[in-house]
Amino acid sequence: MSQPNNFVVDTRPLWILVLQRMKQPVLLMIGVGLYVAVRTLLVATDLSPEGHRALAVFALCVFYWVFDVLPLMITSILAIILLPLTGVLPAKEAYALFGSEAVFFILGAFILAAAMMKSGLSGRLALVILSRFGHDPVALLRGIFILNATMSFFMSEHAVAAMTFPILVEITAALHLPASRANYGRSLFLAMAWGSTIGGVATLLGGARAPLALGILREVTGESYSFAEWAALNIPLTLSLSVAAWFILRTFFPIGTPDVSKAEQAVDEKLMKIGRMTLQERIIAVVMLGTIATWIFFGEHFGLANIALAAVVLLFALGAVEWRDVEGYVNWGLILMYGGAISLGSALHKSGAAEWLADHTISSWASGPVSVVLMITTAAVMLTEMMSNSAAVAILMPLSIAVAAQFDLDPKMMAPLVAVPAGLSFILPIGTPANAMAYSSGYLRVRDLILPGLLLHGIALVIFNCLVWFYWPLFGFKY
Amino acid sequence: MSPNPGLLKLDLAIRGVSLDQSLRNRRDLFHEPSVRGPIARCLELVLPGEVLVSAPADEAFTADSPYRLTQDAKGFYLETDGERSEVGIVAPPSYYRKKTRAGTPMWRVGSSYGPYIAINPASRCAFSARGSHCRFCDVSNQGVDRTEPISVEDVVETVRAAFADGAIEFVYLHIGYIEGDDSGVQFIEPYVRAIKRHFDTLVAVQLQPPREDRWIDHLYAIGVDAVSYSIQIHDEHLLAEMCAGRVEQVGRQRYYDALAHAASIFPNGTVWSDLIIGLEPAESTQSGIDTLVAMGVLPVLSVFRPLSDIDLRDHPMPSIEDVAPVFTHLFKRVLEAGINMNWVRDLSFAVTPFEARFFADSDTPIPSGLGPLYRSKLGNMAVRNLSKLRRRLRVRQVSDSYGSSNL
Ligand code: SF4
């Protein structure tokens, strides 16, 4: 039986609805028109025929990604089909890029996260942390922020938010916070969303966009990052942004002094219910800790994907997980999306289209490395608010690598330069699933977040650009 | 005999028809009142102007009827005051004689009335279980011997047989009162979904208002094309006296609120409410008509008949003089409000605003209207497809909204 809440009847005038429904076919046609226009009308004598065709495929995919015309992964599949069909890449090569290490790293990370969620280990961790922190309203709020941020170091921020969300729903219900005017309710869900977003940029595990950026980087330049290197580069941003976000949260949403003893009680009750740690949880915890240590200390030697997949095999060998447990938790669509995006990025580079595009856009507008970095980071932040952050990375990475070469910047720096700001979405629900969940709580409206979100974006851009110029050189980047 | 088909329908509905000796034993002409309430053992007559009426016959109160049904080699005739006019008889469809695979006689599942099949799949109206049933109702009594609801399979088989007979165009599901926040929406959902899955037809549903409006949205979303929350009696005190269950379990105001919400969700002219004419003063019924029309709801009037197995069996019948002005009022008000009269029409046991045009004042312009178009096969198909299109445009699943931020 379907639930009544599952339906919404739109009572706006029918002509508006008709126009809205016509949007998708119209956008599909515009995308095709764009493809045809780039192929037939764009005069680019300095571009190879393959580059010309790759550019047309890229234009089509960017349009579909930006306007959400097709699901992201379907657009990626379209790219994979079109690349060989238009003669940009041989079919064998286009499909082989699905075998990118980044894709398998993501797969491994998903399965490990699934094991943590399914066994209840991640939920237990969340409850234990909350029971330690949650004695007064501010401490509880801080606890939720820190919990989400730190857990996003080890799991995708999406999974962390999904895990915290039901706990917060119970806490707000226990506190009887009215959805319409409860700053405390707003703060709790915002601490969840912003905490996981900010924590999610710290390591390669926090979001799938970083491995995607690494995948494209590796395909195009052969370079990559170790787990520890990436974390060391980005943890200062996470720390400073956490402080900024905390102050913004406290300033824009003053919470008074609500009595949180009921919330504490709810958390304690949940903890009582789950009982002692099971053997399965212990095994998963040990394997997880071992995996993270191996990523940090032997990541370069063994390869990130190899370590992730070896950990997965170990979990199965020890009987700690079953396939059906993880099957539903793995975002197979994302894996398809990545295969396509990496193929497209590689095709743009090999055909010279990325370089040509960079020449005619960022390179011609920018006056030097400083403005290049500023443009790329600003574009990443803006794009990620409007679309999936993976799509933003897929669009910007090939272009940025080409721009780097033209401004004598190390192309390796382009992976964090694109992937990190592309993970910082603080306002709109479409930006990241953590935001979407916070909005679905009913406590937040978009207008509540415009000013604080913009402020946080501004601060994030300033801090990030400062780190790029003053901190990143410690890692060997020269400008 | 009155030449006005509307008046004739009304008069026949009130007084019934007596049968010529030669027709007395023609059981094949009778429609058994297996499902719907305020009707007696009836003949389904088609009057001049294609007006359908469910005329009681063979009931105690029809013995004195001035109308007499006769037959000759050419057809059936209605005789009164020495005048005779030809009428049609809708014979009970052949599916009444069939059984479902589970062995249920199909006449117990559904009854054909004009262009639709009426089905009450529920067991017993919860008002009657609480002893607070409507006093003019006999549906509540009929449910007593059915402890289990009719199965979805039996309903589908019966509807299939009715369509195969060519007996119907659409399906009308009605239940009394089912306790709960949804007042039976979840109960009726599998029937609606199954009918929509198997047949390209319109589905109308009559039930009691749910506590929350979201269940009304739900009803529309699952495929219901027309809905009725029937208030029956507008007068507050009389409603409490006649229908204790409606007032105590649902609340009078909730009927109107639910109707107003339904009218904002369903297409124009597909939300209706029955009002019984003859139990309350005509002014009160007129005021009920005004209230309903103001919210975009179509009032449908059924004339009270003192059937032998209802509490009000001794209540006097209304006279034609009393009720005719109410129909004039009905047509005028619905016309002024611009409510589409073509959806809910051709009901044999009640008078719809579409049929109330026969009572229009000489100064009320009667639009040539879309009636014939709606009745045609092509028109019917267009209506069905427009209804589907409208639903596709209007209904969204909440889970769809998360789609865009999944990655
Ligand atoms: S709601 Fe009233 S009229 Fe309908 S079945 Fe129940 S008692 Fe009868």
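Caption draft 1: Representation of the overall build of chain B. Secondary structure assignment for chain B yields 14 helices and 14 strands. When the 407 residues of chain B are sorted by exposure, 60% land in the buried category. Once local pairs closer than 6 in sequence are excluded, the contacts in chain B between residues at least 24 apart make up 72%. Only carbon and sulfur atoms are counted for the fraction: they give 51% of the accessible area of chain B, which is about 16,000 Å².

Caption draft 2: Quick look at the nonpolar core. Judged by nonpolar contacts, the single largest core of 179 residues is most densely connected at Trp65, Ile171, Trp194 and Trp295 of chain A. Counting residues per element, this core draws most heavily on helix α5 (residues 101-119) of chain A, at 13 residues. Formed by 111 residues, the second largest nonpolar core is a distinct cluster that contains Phe136, Phe187, Met242 and Ala356 of chain B.

Caption draft 3: Main features of the packing of helix α2 (residues 49-66) of chain A against helix α20 (residues 389-406) of chain A. Residues and elements named next belong to chain A. It is at 10 Å that the axes of α2 and α20 come closest, and there the two elements cross at 155°. Classed by the angle they form, the pair α2 and α20 counts as roughly antiparallel. Both α2 and α20 take part in a crossing whose hand is left-handed. The residues of α20 that touch α2, namely those facing Phe58, Val62, Trp65 and Val66, are Ala391, Ala394 and Ile395. Of the residues in the contact of α2 with α20, the class split is 7 nonpolar, no polar and no charged.

Caption draft 4: Region of interest: the sheet that holds strand β11 (residues 226-228) of chain B. Residues and elements named next belong to chain B. Spatial ordering of the open sheet is given by β7-β8-β9-β10-β11-β12-β13, a layout of 7 strands whose pairing is mixed. The sheet is open, and its two borders are formed by β7 (110-113) and β13 (298-303), each paired with just one other strand. Taken pair by pair, the neighbouring strands of this sheet meet at an average axis angle of 25°, ignoring direction. Sheet topology places strand β12 (residues 271-277) next to β13; 6 bridges connect them, and they run parallel. Note on β13: the bridge partner recorded for Leu275 is Leu301. Packing against the sheet, helix α5 (residues 152-165) makes contact with β7, β8 (116-119) and β9 (170-174), and its axis sits at approximately 160° to β8. Against the sheet, helix α10 (residues 252-265) contacts β11 and β12, and its axis sits at roughly 140° relative to β12.

Caption draft 5: Seen up close, the packing of aromatic side chains. Going through the model one piece at a time under the given rule, you end up with 25 aromatic pairs over all chains. Judged by centre distance (6.3 Å) and plane angle (55°), the rings of Phe63 of chain A and Tyr64 of chain A are tilted. Each member of the pair Phe63 of chain A and Tyr64 of chain A is classed as buried. Residues Tyr471 of chain A and Phe475 of chain A carry aromatic rings whose centres are separated by 5.4 Å and whose planes lie at 75° to one another, so their mutual orientation is edge-to-face. Overall, the relative accessible area of 28% leaves Phe475 of chain A in the partly exposed class. Here the aromatic residues Tyr113, Tyr116, Phe170, Tyr172 and Trp272 of chain B are joined through ring pairs into a cluster of three or more. The cationic tip of Arg357 of chain B hangs over the ring face of Phe354 of chain B; the distance from NZ or CZ to the ring centre is 4.2 Å. The side chain of Arg391 of chain B reaches across the aromatic face of Tyr220 of chain B, ending 4.7 Å from its centre.

Caption draft 6: Fine view of helix α6 (residues 121-133) of chain A. Residue and element names in this part refer to chain A. Here α6 is 13 residues long and its end C-alpha atoms lie 19 Å apart, about the 18 Å a rise of 1.5 Å per residue gives. All of the buried residues along α6 are Leu121, Ser122, Arg124, Ala126, Leu127, Leu130 and Ser131. Lining the buried residues of α6 we find α5, α7 (137-151), α8 (157-174), α12 (261-274) and α13 (279-302).

Caption draft 7: Just the sheet that holds strand β5 (residues 76-80) of chain B, in detail. All names here are of chain B. Strand order across the open sheet formed by 6 strands is β1-β4-β5-β6-β2-β3, with mixed pairing between neighbours. Every other strand in the sheet has two partners, leaving β1 (18-19) and β3 (51-56) as the edge strands with one partner each. Relative to strand β6 (residues 83-89), β5 is paired through 5 bridges, and the arrangement is antiparallel. Bridging across to β6, Glu79 finds its partner in Arg84. Lying on the sheet, helix α1 (residues 5-15) is in contact with β2 (42-47), β3 and β5; it crosses β3 at an angle near 20°.

Caption draft 8: Quick look at the pairing of β5 of chain B. All names here are of chain B. With 4 of its 5 residues buried, β5 lies for the most part within the structure. For strand β4 (residues 68-71) and β5, the ladder comprises 4 bridges, and the chain directions are antiparallel. Bridge pairing links Gln71 to Phe76 in β5. If you look at the hairpin formed by β4 and β5, you'll find 4 residues sitting between the two strands. Two successive antiparallel strands, β5 and β6, enclose a turn made up of 2 residues, where Asp81 displays a positive phi of approximately 50°.

Caption draft 9: Broad picture of the environment of Glu157 of chain B. Secondary-structure assignment places Glu157 of chain B in helix α5. Along the primary structure Glu157 of chain B and Thr100 of chain B are separated by 57 residues, whereas in three dimensions their C-alpha atoms are 6.3 Å apart.

Caption draft 10: Looking closely at the pattern of salt bridges. The final tally for this structure, using the stated rule, is 27 salt bridges over all chains. Across the pair Asp213 of chain B and Arg254 of chain B runs a salt bridge whose closest N-O atoms are separated by 2.9 Å. Of this pair, Asp213 of chain B sits in the loop between β10 (203-206) and α7 (214-221) while Arg254 of chain B sits in helix α10, and the two are 41 residues apart along the sequence. Using a relative accessible area of 27% as the deciding quantity, one classes Asp213 of chain B as partly exposed. Put simply, Asp10 and Arg12 of chain A together with Arg396 of chain B are held in one network by salt bridges that share partners.

Caption draft 11: Focus on unusual backbone geometry. Phi angles above zero are rare outside glycine, and Asp68 of chain A is one such case at about 55°. With respect to the element layout, Asp68 of chain A can be found in the loop between α2 and α3 (72-85). By relative accessible area, Asp68 of chain A is classed as partly exposed at 33%. Of note in this structure, Ser183 of chain B is not a glycine but carries a positive phi near 50°. Look at Ser183 of chain B and you get buried, because its relative accessible area is 2%.

Caption draft 12: Quick look at the environment of Leu315 of chain A. As for its position among the elements, Leu315 of chain A is in helix α14 (residues 304-317). It is 8.5 Å that separates the C-alpha atoms of Leu315 of chain A and Ala115 of chain A, two residues lying 200 residues apart in sequence.

Caption draft 13: How the structure looks around a nonpolar patch on the surface. Residue and element names in this part refer to chain A. A contiguous nonpolar patch, built from Trp15, Val18, Leu19, Met22, Val26 and Ile30 and spanning about 560 Å² of accessible area, is present on the exposed surface. Mapped onto the elements, Val26 comes out in helix α1 (residues 14-40). Looking at Val26, the relative accessible area reads 41%, which means it is partly exposed.

Caption draft 14: Region of interest: α8 of chain A. Residue and element names in this part refer to chain A. In this model, α8 (18 residues) spans 25 Å end to end at C-alpha, consistent with the 26 Å of a helix rising 1.5 Å per residue. Among the residues making up α8, those that are buried are Glu157, Ala159, Val160, Ala161, Met163, Thr164, Phe165, Ile167, Leu168, Ile171 and Thr172. The positive-phi residue at the C-terminal boundary of α8 is His176, with phi of around 55°.

Caption draft 15: Representation of the packing of α7 of chain A against helix α11 (residues 227-252) of chain A. Residues and elements named next belong to chain A. Where α7 meets α11, the closest approach of the two axes is 12 Å, and the angle between their N-to-C directions is 140°. Our classification of the angle between α7 and α11 gives oblique. For α7 against α11, the interelement crossing comes out right-handed. Note on element contacts: α11 touches α7 through Ser242, Ala245, Trp246, Leu249 and Arg250, opposite Val138, Leu141, Arg142 and Phe145. Of the residues that constitute the contact of α7 with α11, the class distribution is 6 nonpolar, 1 polar and 2 charged.

What counts and how
Residues numbered from 1 in each chain as written. Chains lettered and ligands numbered in written order. Predicted model: local features only at pLDDT ≥ 70, side-chain atom pairs only at ≥ 80, totals over all residues. Heavy atoms only, no water. Helix = DSSP H or I, 4+ residues; strand = E, 2+ residues; numbered from the N terminus. Buried < 20%, exposed > 50% of the residue type's maximum accessible area, 1.4 Å probe, protein only. Contact = heavy atoms within 4.5 Å. Areas by Shrake-Rupley, 256 points an atom, 1.4 Å probe, with all protein chains shown as cover. Core = buried A, V, L, I, M, F, W, Y, C linked by side-chain atoms within 4.5 Å. Axes fitted to C-alpha atoms, helices over the stretch in contact; angles between N-to-C directions. Parallel < 35°, antiparallel > 145°, perpendicular 65-115°, else oblique. Left-handed = near helix turned anticlockwise from the far one by under 90°. Nonpolar A, V, L, I, M, F, W, Y, C, P; charged D, E, K, R; others polar. Pairing = 2+ DSSP bridges. Phe/Tyr/Trp six-rings, centres within 6.5 Å; stacked < 30°, edge-to-face > 60°. Lys NZ or Arg CZ within 6 Å of the ring centre and 35° of its normal. Expected span 1.5 Å × (residues − 1). Salt bridge = Lys/Arg side-chain N within 4 Å of Asp/Glu carboxyl O. Patch = residues over 30% accessible without salt bridge, like charges linked within 9 Å, V, L, I, M, F, W, Y side chains within 5 Å.

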